[in-house]
Each structure stands twice: as C-alpha cells, then as structure tokens.
Amino acid sequence: MANQKGSKFIIPIGPQHPALKEPGHFEFTVDGEIVTGASVRLGYVHRGIEKATEGRTWVQNLYLLERVCGICSHVHAMAYVLGVERLAGVDAPPRAQAIRTLTAELERVHSHLLWLGVAAHEAGFDTLFMYSWRDRETVMDILESLTGNRVNYSVNVLGGVKVDVNDALRDTILKGMDFLEERTRHYLNVVTTDSTFLARTRGIGIMTAAQAEELGAVGPTARASGVARDVRVDAPYAYYPSVDVRIVLAQAGDLAARFVVRIQELFESYRLIRTILDNLPQGELEVRVSRRIPEGETVSRVEAPRGELFYFIKANGSDKPERIKVRTPSLCNFGTVVATAIGHKLADMPMLLAGIDPCFSCNDRMVQVIDQNGASRLWSWEDLVRHGIETYR
Amino acid sequence: MKMGTMLGDVIQSLFKPPATERYPFERRAAPERLRGLLRYDPTKCVGCQLCVRDCPSNALELIVVDKAAKRFVLRYHVDRCTFCAQCVVSCRFGCLKMTNEVWELASPDKDQFILYYGNKSDIESVLARPFSRLVDGSAEN
Amino acid sequence: MNAISPLLVLLFFPGGLFILAGGLAYEWVDRKLVARFQNRIGPRWFQPLADVAKLLAKEEIVPDGVHAGLFVGLPLVALAGALTAALYVPMAGLKPAFSFTGDLIVALYLLSLMTLCTGLAGANTADRFSLIGATRTLTQLFSYEAPFLLSLLGPAIVAGTWRIDQIHLYAQSHPWLLLTQPVGFLIAIVGLMGKLELPPFDAPEAETEIVSGALTEYSGRGLALFRLGKNAELFIGLTLVAAFYLGGLVNPLAFLLKTLGLLFVMAGLQSLFARLRIDQTVGLWWRYGALLALAQLLVLIIFRGV
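Parameters at a glance
Residues numbered from 1 in each chain as written. Chains lettered and ligands numbered in written order. Predicted model: local features only at pLDDT ≥ 70, side-chain atom pairs only at ≥ 80, totals over all residues. Heavy atoms only, no water. Helix = DSSP H or I, 4+ residues; strand = E, 2+ residues; numbered from the N terminus. Rg over C-alpha atoms; globule rule 2.2 N^0.38 Å. Expected span 1.5 Å × (residues − 1). Buried < 20%, exposed > 50% of the residue type's maximum accessible area, 1.4 Å probe, protein only. Pairing = 2+ DSSP bridges. Contact = heavy atoms within 4.5 Å. Buried area = accessible area lost by both parts, 1.4 Å probe. Salt bridge = Lys/Arg side-chain N within 4 Å of Asp/Glu carboxyl O. Axes fitted to C-alpha atoms, helices over the stretch in contact; angles between N-to-C directions. Parallel < 35°, antiparallel > 145°, perpendicular 65-115°, else oblique. Left-handed = near helix turned anticlockwise from the far one by under 90°. Nonpolar A, V, L, I, M, F, W, Y, C, P; charged D, E, K, R; others polar. pLDDT = per-residue confidence, 0-100. Patch = residues over 30% accessible without salt bridge, like charges linked within 9 Å, V, L, I, M, F, W, Y side chains within 5 Å. Areas by Shrake-Rupley, 256 points an atom, 1.4 Å probe, with all protein chains shown as cover.

Caption draft 1: Examining the overall build of chain C more closely. Summing up its helical and strand segments, chain C has 13 helices and 0 strands in all. Reading chain C from its N terminus to its C terminus gives the helix and strand order α-α-α-α-α-α-α-α-α-α-α-α-α. Against the globule reference of 19 Å for 306 residues, chain C gives a C-alpha radius of gyration of 19 Å, in line with a compact fold. Principal-axis analysis of the C-alpha atoms gives chain C an extent of 60 × 45 × 40 Å.

Caption draft 2: Spatial organisation of helix H11 (residues 220-245) of chain C. Residue and element names in this part refer to chain C. For H11, built from 26 residues, the straight-helix expectation of 38 Å at 1.5 Å per residue is met to within 8% by its first-to-last C-alpha distance of 38 Å. For H11, a buried count of 23 out of 26 residues is recorded, marking the element as mostly surrounded by other parts of the structure. Taken from the residues just after H11, Gly-247 is the one with a positive phi, measuring 75°.

Caption draft 3: Region of interest: the pairing of strand S2 (residues 25-31) of chain A. All names here are of chain A. Within S2, 5 of the 7 residues are buried, which leaves it mostly tucked inside the rest of the structure. For S2 and strand S3 (residues 34-41), the ladder comprises 7 bridges, and the chain directions are antiparallel. Within the sheet, the bridge partner assigned to Val-30 lies in S3 and is Val-35.

Caption draft 4: Expanded view of the interface of chain C and chain B. If you look at the interface, chain C gives 9 residues, while chain B gives 13 residues. Regarding the contact of chain C and chain B, the summed buried area is about 1,000 Å², with carbon and sulfur atoms giving 69% of it. For the pair chain C and chain B, the interface holds 0 salt bridges. Within the residue set of the side of chain C that touches chain B, elements represented by two or more residues are helix H2 (16-37) and helix H12 (252-272) of chain C.

Caption draft 5: Broad picture of the packing of helix H9 (residues 182-195) of chain C against helix H13 (residues 278-305) of chain C. Residue and element names in this part refer to chain C. At a minimum axis separation of 9 Å, H9 and H13 run at an interaxial angle of 140°. Judged by the inter-axis angle, H9 sits oblique to H13. For the pair H9 and H13, the sense of crossing is left-handed. Of H13, the residues touching H9 (which contributes Pro-182, Val-183, Gly-184, Ile-187, Val-190 and Gly-191) are Trp-285, Gly-289, Leu-292, Ala-293 and Gln-296. Residues that form the contact of H9 with H13 fall into these classes: 7 nonpolar, 4 polar and no charged.

Caption draft 6: Quick peek at the interface of chain A and chain B. Facing 36 residues of chain A, the contacting portion of chain B comprises 28 residues. A buried area of about 2,600 Å², summed over both sides, lies between chain A and chain B, and 48% of it is on carbon and sulfur atoms. If you sort the residues of chain A by the area they bury against chain B, Gln60(A), Tyr131(A) and Arg291(A) come out on top, with a joint share of 19%. On the surface where chain A and chain B come into contact, there are 3 salt bridges.

Caption draft 7: Spatial organisation of the sheet that holds strand S2 (residues 60-66) of chain B. All names here are of chain B. Taking strand neighbours across the sheet as the criterion, the 3 strands line up as S2-S3-S5 in an open arrangement whose pairing is antiparallel. A strand with exactly one partner marks an edge of an open sheet, and here the two such strands are S2 and strand S5 (114-117). Strand-to-strand twist of the sheet, defined as the mean angle between neighbouring strand axes without regard to direction, takes the value 20°. Judged from the 6 bridges that link them, S2 and strand S3 (residues 71-77) form a sheet pairing that is antiparallel. Within the sheet, the bridge partner assigned to Leu-62 lies in S3 and is Leu-74. Contacts between helix H4 (residues 120-128) and the sheet are confined to S2, S3 and S5, with S3 contributing the most and set at about 65° to the helix.

Caption draft 8: Examining unusual backbone geometry more closely. Note the cis peptide between Tyr23(B) and Pro24(B), where omega equals 0°. Structurally, the position occupied by Pro24(B) is in the loop between helix H1 (7-13) and strand S1 (38-40). The linkage connecting Pro199(C) with the following residue, Pro200(C), adopts the cis geometry, with an omega of 0°. Tracing the backbone through its elements, the reader meets Pro200(C) in the loop between H9 and helix H10 (207-210). Within the chain, Asp357(A) stands out as a residue other than glycine whose phi angle is a positive 60°. Along the chain, Asp357(A) turns up in the loop between helix H13 (349-355) and helix H14 (360-363). Using a relative accessible area of 4% as the deciding quantity, one classes Asp357(A) as buried. Phi at Asn58(B) is positive, roughly 50°, even though this residue is not glycine. By secondary structure assignment, the location of Asn58(B) is in the loop between helix H2 (50-54) and S2.

Caption draft 9: Looking closely at the sheet that holds strand S6 (residues 296-304) of chain A. Residues and elements named next belong to chain A. Judged by pairing direction, the sheet is antiparallel, and its 3 strands sit side by side in the order S6-S7-S8 without closing on themselves. The open sheet has two edge strands with one neighbour each: S6 and strand S8 (321-327). Across the sheet, the mean angle from the axis of one strand to that of its neighbour is 15°, orientation sign disregarded. Two elements, S6 and strand S7 (residues 307-315), share 9 bridges in a ladder whose sense is antiparallel. Note on S7: the bridge partner recorded for Ala-304 is Gly-307. Each of S6, S7 and S8 touches helix H3 (residues 73-88); the most contacted strand, S6, lies at about 150° to it.

Caption draft 10: Quick look at the confidence of the model for chain A. All names here are of chain A. Chain-level statistics for chain A give a pLDDT mean of 89 and a share of 94% at 70 or above. Across chain A, the secondary-structure element scoring lowest on mean pLDDT is strand S9 (residues 369-370), at 55, and the one scoring highest is helix H11 (residues 255-278), at 95. Segment residues 1-6 is flagged for pLDDT under 50; beyond a separation of four residues in sequence, or across chains, it makes 7 contacts in the model.

Caption draft 11: Fine view of a nonpolar patch on the surface. A cluster of nonpolar residues, Leu7(B), Ile11(B), Leu14(B), Phe15(B), Phe264(C) and Val265(C), forms a patch on the protein surface that exposes about 550 Å² of accessible area. Mapped by element, the contributors of at least two residues to the nonpolar patch are H1 of chain B together with H12 of chain C. Within the secondary structure, Phe15(B) is located in the loop between H1 and S1. We classify Phe15(B) as exposed; its relative accessible area is 70%.

As structure tokens, then:
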C-alpha cells in the first residue's frame with residue numbers, strides 16, 4: 001500500500017494508533033517529513049444511537065443520550081432535556097437550572113484538564129500529563145460527591161434535576177476550585193513559557209479567522225482564531241442568562257493559542273462555578289412532566305467543552321420520540337485538521353489532532369457508503385436493511 | 001522562554017508520597033451519594049411498575065405474588081443496570097434506593113447478577129415456580 | 001584482572017551476565033525515578049526482568065517482505081556490540097578486562113553499533129512507521145555523535161592518551177573533570193541521552209507519532225534483545241561518563257554512587273522537557289552542541305599548549 005514513487009508516502013494514523021484514543025482514520029501523504037496531503041475517514045464508532053432513541057421512551061432516552069460521549073455526557077443530556085421541556089411547554093425551576101449549569105461547568109473543567117494532559121502526552125511531555133491528570137482527580141471527586149458517579153452523572157430528569165447542593169458540598173466545591181485555580185495558573189505558566197513546549201506549539205497549525213469561518217469551526221478551536229462564537233453568550237440557556245459569561249478569545253490561531261484559550265476558559269469556569277454557588281436560588285428541584293410529549297419540533301443548542309452541540313428533536317404526541325438528530329462539535333472541527341495539516345511536519349500531526357480536542361464517539365452519527373464506481377449516495381434505513389440481508393444471505 | 005518549568009513540581013514530588021491510591025490494599029470511603037447497588041423495600045410497594053417502565057436498560061422486573069395483598073418480588077439484573085437512579089426518582093413511595101456500600105460488582109459468574117428482593121416466603125414461592133430460573137422475563141405469570 | 005580466563009570475563013564479569021543484570025537494574029532505577037518525579041509509584045524491582053521474560057516467551061513474528069536473516073540477526077549483533085564495549089570500560093570500579101591504545105574509539109563505535117543496527121532493522125522492514133523511525137534514528141545518530149565523541153575526547157586530550165584505563169587513572173588522580181570541563185560534561189550527559197533515545201530526544205521512537213519507530217515490527221525475542229542492548233548501553237554509557245568526568249571509579253561503592261547520581265540527574269532531565277521534533281534535535285546539536293564541544297576542545301588544546 002505504500003506508494004514509494006517520487007518519495008511520496010502515505011502514513012496512516014489510525015484506526016489503531018497510540019496517538020488516538022478512539023478509532024478514526026487519517027491518511028497523510030508525506031514527502032520525507034513534510035506533509036503534502038491529508039484525508040480523514042470516520043465512522044468507526046457508529047453505534048446507531050439515533051435509531052435506538054426511536055424505540056425508547058423519553059425517559060429512557062435521557063440515559064441513552066448521556067452515553068453518546070463519556071467526557072461531555074452531561075451537556076448531551078442537558079441539550080436533550082432542555083429541548084424536551086420546551087416541547088412539553090414546561091420550565092424547570094431555577095434551582096434545577098442552576099444545578100444543571102453548575103454540573104455543566106464542572107464538566108467543562110474536567111474536560112479541559114483531561115485535554116491538557118492528553119495534548120501534553122502527544123507532545124511527549126509526560127510530566128505535564130501526569131500532573132494535570134492528578135489535579136483533575138479533584139474535580140472528579142467533586143463530581144462524584146455531588147452527583148454519585150465520576151462519569152455519566154445522570155443529574156437530569158425530565159423537568160429538573162435529581163441532586164441538590166447542601167452547605168458541606170458547597171464548601172468542598174469551593175475549596176476544590178481554589179486548589180485548581182492555583183494549579184491552573186501554574187499550567188498556564190508552563191504552557192506559555194516552557195521553551196521545549198513552545199517549540200512544539202507556537203506557529204503550528206495556524207488557522208486564520210476567515211478560514212475558521214469557512215470551515216465552520218466551533219468551540220475553543222474557533223475562538224483561538226479570533227472567531228467570537230460561544231452558545232452561552234449568543235443564545236444563553238439554562239442558568240446562563242443570570243450569569244455573565246465572558247468569551248475567551250485569542251488571535252494567533254496556532255496550537256499555542258488553543259492551549260491558552262482552553263486554560264483561560266478554565267479560569268472562567270471557576271469564576272462561574274463560584275458565582276452560581278454564591279447565588280443558588282431557592283426552590284424545588286423538579287416539576288412534573290407528562291410522559292407523553294405533545295407533537296412538535298425543536299432545536300436545542302448548548303456549548304459543550306468542544307464547541308456547539310446541536311440537537312434536533314421531533315415529537316409525535318406519543319411516549320417515544322419521532323426523530324432525534326445529534327450534531328456534535330467535533331464533526332465541525334475535523335475539517336480544520338485536514339486543511340491546516342499541509343506544510344507541517346509529520347511529528348506535528350498528533351499535536352494538530354489533539355489541538356481540536358477530537359471526540360470520535362460523539363461524532364459518528366451518519367454513515368456514508370462509497371460506491372465502488374466512485375459515485376456515493378446516502379442510504380436510507382430500508383437500503384441498510386436490504387444490504388444487511390443480502391450480504392449475509 | 002524558560003527551560004524546565006515543571007522543576008518545582010518535580011523536586012517537590014521527591015518529598016511527597018505518590019498521589020497513587022494503592023487500591024485494593026487501601027480503599028477510600030465511598031461518597032455518600034455514590035450510586036451503588038439498588039435496594040428495594042417491598043413493604044411500601046404498590047405495584048405501579050413505573051420503575052420497570054422507566055428503566056433504560058430493562059434491568060427490573062416486578063413479579064406479582066398477590067396483587068390484592070400487595071406482595072411483590074423484584075427481580076433485579078445487576079449486569080443490565082446502568083446505575084442511573086431513574087427508578088429511585090420514579091418511585092413515588094420511596095421503595096428504591098442505591099446504596100453506597102456495595103459497588104465492587106464484578107463477578108466471573110453470571111448467576112450472581114440476578115437478585116431477588118422481597119419477603120423470604122414470596123421469593124421462595126417465585127423460585128419454586130416451574131421454569132422460574134429462566135432469564136429475560138419469561139418467568140412472569 | 002587479566003588473569004581471569006577470558007571466557008569467564010565474557011560470560012559473567014565484567015561482560016555478559018553482569019552487564020545484563022546491571023542494565024536491568026539501572027532500567028528499573030530510571031523508571032522508578034521518573035515515576036517519583038511525576039508523583040507516581042513506579043514499577044517494582046523485578047519489572048524489567050519480568051518484561052524481558054515475558055518477551056522471550058512470546059512468539060517472534062517475522063513480517064512479510066523483510067530479509068529474514070537480517071531481521072533475526074540484527075538484534076543479536078546490537079546486543080553483542082553493546083556487551084563487547086563493556087570489556088574496555090572500567091566496570092564496577094575495577095580495571096577494564098582488556099585494554100589497548102585507541103580502545104576509546106573502539107568502545108564508542110561499539111556503542112554506536114547498537115543505534116546503527118536499530119536503524120538498519122527499521123529500514124529492513126517494509127512498514128511505513130519503521131521506515132520513518134529508521135530515518136529518524138539515523139538522523140539523530142549523525143547529529144549527536146560528533147559532539148558526544150568530542151566531549152569524551154576532552155578528557156583524552158588532557159590525559160594525553162587514547163586508552164580508557166589510562167584516562168581513568170588520570171581522572172582518579174586529578175580534580176574532577178566536571179569542574180575543569182563543565183561544558184564537556186554537559187555535552188557528555190545530554191549526548192548520552194541522545195544516544196539512548198531518552199526523552200526529550202525520543203523522536204525516533206515517538207510513541208504518539210510512529211508507534212514504536214524502527215522497532216515497530218519486532219516482538220518476542222528480537223525486541224527483548226534490543227531492549228537488553230539499550231539497557232546495556234545505559235549501564236556502560238553511565239560508567240564511561242562517570243569514569244571520565246566524576247573523578248574516576250576507584251571501587252565498587254564509588255561506582256554505584258557516581259553512576260546512580262548521574263542516573264538521577266538524567267531521570268530529572270527526562271521529566272522536565274517536551275519531546276523535540278527530529279529537525280529541532282538536529283538543529284540543537286549542530287548549532288549548539290557541536291559549537292560548544294569545539295569551543296571546549298579549543299580551550300583544552302590552548303591550555304595544554306600553554
């Protein structure tokens with residue numbers, strides 16, 4: 001498979017590769033160490049979740065959709081639940097919205113710290129990886145004390161939340177945030193001043209604001225190029241209208257900028273968590289939502305740690321959804337890797353990939369089958385069923 | 001531009017114990033809200049089966065021993081349970097709760113994963129039924 | 001020590017089993033120190049031995065498209081080269097087993113044989129990752145080799161001889177060369193890290209980029225032999241640098257303390273930096289490394305002339 005004519009070489013990264021935590025296939029055409037072309041192929045982790053939601057009730061889908069992704073599970077559940085409540089014409093009480101937002105910000109903290117460690121590991125800086133993950137344990141323990149689980153928190157129910165914040169918990173969270181803020185300051189210092197680290201991140205993968213707009217980048221990847229796009233500010237949801245979210249921007253658009261943006265977002269999250277805890281509204285935790293959701297369609301957008309998460313929910317009056325479509329932020333950001341990879345060295349590829357904070361499990365929703373003749377078309381459910389029967393006859 | 005910015009951390013670690021938890025030789029106490037094994041109290045149950053219907057993974061089945069006398073047995077598939085606690089919320093009578101003491105639930109033996117909750121005599125009568133050890137709910141009357 | 005029958009020397013001490021055991025022990029110390037620097041526990045003392053035992057128990061898969069003889073033979077040559085180099089180096093603080101004029105150069109080239117074999121092994125395989133790893137290994141070989149050699153030449157010049165045991169005697173009877181040739185020492189220790197492909201110079205086997213570099217297709221016995229060769233190189237390299245720059249190794253206790261001290265510093269350096277890209281490694285060595293080494297040499301030559 002290696003085409004060695006004219007010293008052109010195709011290096012496959014994935015589907016199994018130590019750089020990737022999940023399967024995805026990237027092909028880089030290299031000339032020596034310089035990358036001259038790139039292509040991406042996804043779909044290895046397609047689990048048929050969207051189809052599976054159609055056979056489960058609204059309540060059961062809450063937990064199915066939470067498991068689309070392990071790192072950003074709460075925002076998936078929150079997007080779903082906000083959409084369903086809108087269709088049902090119900091507003092969750094303010095205390096519930098505040099607790100949802102609190103959990104979402106805690107999740108952002110854990111996700112960004114996880115990303116910091118993984119990106120450092122891709123750069124070969126294992127010490128930063130170990131220390132940032134050690135400190136991440138603080139927020140994981142907080143999440144476990146607050147919600148009952150470290151991953152897949154399951155705080156949402158249709159109409160509110162399951163868990164409450166008491167004073168002891170509040171103190172634990174605030175203390176944890178103080179510790180993490182101090183450590184994050186140290187990591188910001190490391191990431192912006194360490195010369196070996198900067199040699200790996202400064203000037204790599206530069207994406208201008210125009211390119212980011214054209215490729216449709218979202219989240220910190222876009223904000224590092226100066227595109228001021230954040231769903232918490234553009235279309236506030238849950239408790240965000242009551243707190244002031246400041247967008248974190250950088251102009252350089254390279255990897256170093258993406259590091260800085262995510263770490264600054266950590267500071268912003270600490271501030272938001274403290275604000276929410278200081279002004280937690282009193283009240284109940286849930287309102288009753290009927291198990292049958294009236295007919296209608298709605299769109300629900302939230303800001304996941306990786307960018308804009310988009311849910312389309314269609315109800316038909318029964319206790320099961322008609323259609324749920326999930327568009328995750330990583331899908332938008334993969335195009336940027338392919339576009340910015342050209343001209344860089346092969347050693348920068350894992351770093352570029354890590355720079356967009358890829359989440360392959362979130363990604364795989366739709367499958368596109370490439371025909372042998374080169375033409376490709378979209379398959380419907382009936383086509384898939386027929387294909388399955390004929391292949392395995 | 002500095003070199004060795006993590007030097008402070010690295011030197012300090014020489015004088016600190018490692019951050020690793022030596023599980024299973026040292027176990028920390030589980031947090032109070034940890035969602036461990038599910039527990040069921042049959043005395044308050046009215047047999048509405050909302051918990052069964054709302055479970056996202058069909059881990060619960062309610063076997064009716066005597067509907068009028070409100071005697072029920074709950075069959076709980078631990079291997080299907082996702083520990084989401086939706087059943088705990090769905091039950092209006094407080095029959096269900098998730099303990100934080102039992103959470104090491106790995107077992108090489110699949111039989112360990114079917115639990116029956118209820119009065120002792122009720123469970124015995126359920127288990128004495130023909131084919132009652134079949135899984136997948138086919139033992140419902 | 002020349003009275004001991006050569007066979008015993010080759011098989012047990014100071015070659016053979018002693019090097020292998022010492023290499024495994026030092027690999028453990030290195031891994032444990034790096035772990036402690038990262039606030040972790042680290043492996044238990046028998047981990048490197050267990051790794052080798054496990055690898056030897058696994059099937060050796062010879063991939064398609066390789067020259068089978070080379071594939072199987074290169075690990076052997078690599079390990080043999082590393083073990084032979086031990087014969088000229090004062091292991092455990094005792095006199096080297098064999099010695100002749102010019103054995104400094106021979107020992108250094110035997111150590112480089114290991115890297116060359118790794119590069120050849122990677123080039124032999126038809127796998128893309130191995131080819132890139134081989135390219136990087138050989139590129140790195142060309143970049144650190146000259147400064148490293150020059151840094152070991154420094155003590156040779158002041159001692160006025162090419163024999164390792166004479167240089168060793170000179171180092172024992174004079175103030176530590178670490179103090180009189182600090183630049184040379186720095187280059188020697190960083191050069192040793194480059195030679196052993198330790199972070200931050202581990203681009204040739206960058207796990208997150210090219211899986212395992214030149215050794216990607218190796219498994220079982222071949223991989224075990226390469227790893228043993230690397231450990232032997234670590235052991236011997238540390239001994240050489242300690243013997244020259246840290247005032248010689250007069251007895252086994254001094255040997256242990258000085259080489260372990262060097263290993264401590266190397267483990268610290270391993271944990272502090274991100275991995276350098278191969279072009280950055282080359283740039284670093286040819287710009288700073290070579291120039292510094294040459295400057296050091298110049299100083300020495302002038303002093304000696306004066």
